[in-house]
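Tertiary structure, described
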Amino acid sequence: MKKLILMAVVALCAFTTASAQERERWGVGPKLGVYTHAGGDGAIMGIGASARYEITNRWRLEPGITALLKDDCSIDINCDLQYLFDVARWWSVYPQIGISGNDIYDWSFGLDLGAGTDFALSRRWDLSAGVKWRLQTAAHHDNPIIINVGATYKF
């Protein structure tokens, strides 16, 4: 399991650095999450990282990886597609849809539906917060609501 987590982190880092040729279309940063209604363990905390790639001025992809802090080492890998609405020059909101895979109890894949917001702290730094509901494929998995906060450095 540790090798799988390490390989996923290396792949995410390699993917973001190899393709980061255009200015400010990419962003990377840390993320904290709370997985509520996640089953017998109750709420589960997660620490991870995400990357962002702006396809256009409105559409953005956000792949991410999160290590879930529970008794056994677990991992959550996801990729969301977001559509940005600018509320102000420094503030945007977005609906999102995505796919995910995790091994909270056993491997399960899912569809994510949610919304979020970004606040520009400076030209290069954003703070973000979001919530999403995950519909999972495994029958014995609950469908968690995931609340996360993070920061993004744009380059």
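Described in the following lines is the structure provided in the data block. Given the structure is predicted, the values throughout are model-derived calculations rather than measurements. (Residues numbered from 1 in each chain as written. Predicted model: local features only at pLDDT ≥ 70, side-chain atom pairs only at ≥ 80, totals over all residues. Heavy atoms only, no water.)

**A few points about the overall build of the chain**
Regarding its fold elements, the chain presents one helix and nine strands. Along its sequence from the N terminus, the chain presents helices and strands in the succession α-β-β-β-β-β-β-β-β-β. Of the contacts formed within the chain by residues at least 6 apart in sequence, a portion of 48% connects residues at least 24 apart. A total accessible area of about 8,500 Å² is found for the chain, and carbon and sulfur atoms account for 67% of it. (Helix = DSSP H or I, 4+ residues; strand = E, 2+ residues; numbered from the N terminus. Contact = heavy atoms within 4.5 Å. Areas by Shrake-Rupley, 256 points an atom, 1.4 Å probe, with all protein chains shown as cover.)

**What about the packing of aromatic side chains?**
The full count for this structure, using the stated rule, is nine aromatic pairs. Judged by centre distance (5.8 Å) and plane angle (10°), the rings of tryptophan 91 and phenylalanine 119 are stacked. With a gap of 28 residues between them, tryptophan 91 in strand E6 (residues 91–102) and phenylalanine 119 in strand E7 (residues 108–120) connect regions that are remote in the sequence. Judged by relative accessible area, tryptophan 91 falls into the partly exposed class, the value being 29%. Across the ring face of tyrosine 94, the terminal group of arginine 60 is positioned such that the distance to the ring centre comes to 5.1 Å. (Phe/Tyr/Trp six-rings, centres within 6.5 Å; stacked < 30°, edge-to-face > 60°. Buried < 20%, exposed > 50% of the residue type's maximum accessible area, 1.4 Å probe, protein only. Lys NZ or Arg CZ within 6 Å of the ring centre and 35° of its normal.)

**Regarding the pattern of salt bridges**
Taken as a whole and assessed by the stated rule, the structure comprises ten salt bridges. Residue arginine 52 is joined to glutamate 62 by a salt bridge in which the shortest nitrogen-to-oxygen separation is 2.4 Å. In this pair, arginine 52 sits in strand E2 (residues 44–54) while glutamate 62 sits in strand E3 (residues 59–69), placing the two residues ten residues apart along the sequence. On the accessibility criterion, glutamate 62 (3% relative accessible area) is buried. (Salt bridge = Lys/Arg side-chain N within 4 Å of Asp/Glu carboxyl O.)

**Points about the side chain of glutamine 82**
Secondary-structure assignment places glutamine 82 in strand E4 (residues 73–83). One polar contact links glutamine 82 to arginine 60, side chain to side chain, over a distance of 2.7 Å. Among the polar contacts made by the side chain of glutamine 82, one reaches the side chain of glutamine 96 at a distance of 2.9 Å. With sequence-adjacent residues up to four places away left out, glutamine 82 is seen in contact with Arg58, Trp59, Arg60, Glu62, Tyr94, Pro95 and Gln96. (Polar contact = N/O pair within 3.5 Å; in protein donor to acceptor, adjacent residues only side chain to side chain.)

**Overview of a nonpolar patch on the surface**
A cluster of nonpolar side chains, namely Ile97, Ile99, Leu111, Leu113, Val131, Trp133, Leu135, Ile145 and Ile147, defines an oily patch on the protein surface of about 750 Å² accessible area. For the nonpolar patch, the secondary-structure elements that each account for two or more residues are E6, E7, strand E8 (125–136) and strand E9 (145–154). Ranked by residues supplied to the nonpolar patch, first place goes to E8 with three residues. You can see valine 131 is positioned in strand E8. (Patch = residues over 30% accessible without salt bridge, like charges linked within 9 Å, V, L, I, M, F, W, Y side chains within 5 Å.)

**Focus on the environment of glycine 116**
Looking at where glycine 116 falls in the secondary structure, it is placed in strand E7. Its relative accessible area of 12% is what places glycine 116 among the buried residues. Expressed as a C-alpha distance, the spacing of glycine 116 and serine 92, which sit 24 residues apart in the sequence, is 8.6 Å. Setting aside chain neighbours within four positions, we find glycine 116 in contact with Ser92, Val93, Tyr94, Ala129 and Gly130.

**Concerning the pairing of E6**
Here seven bridges tie E4 to E6, and the two strands are oriented antiparallel to one another. When the sheet's bridge partners are listed, aspartate 76 is paired in E6 with asparagine 102. The sheet contact formed by strand E5 (residues 85–88) and E6 spans three bridges and is antiparallel. Looking across to E6, one finds that phenylalanine 85 is bridged to valine 93. (Pairing = 2+ DSSP bridges.)

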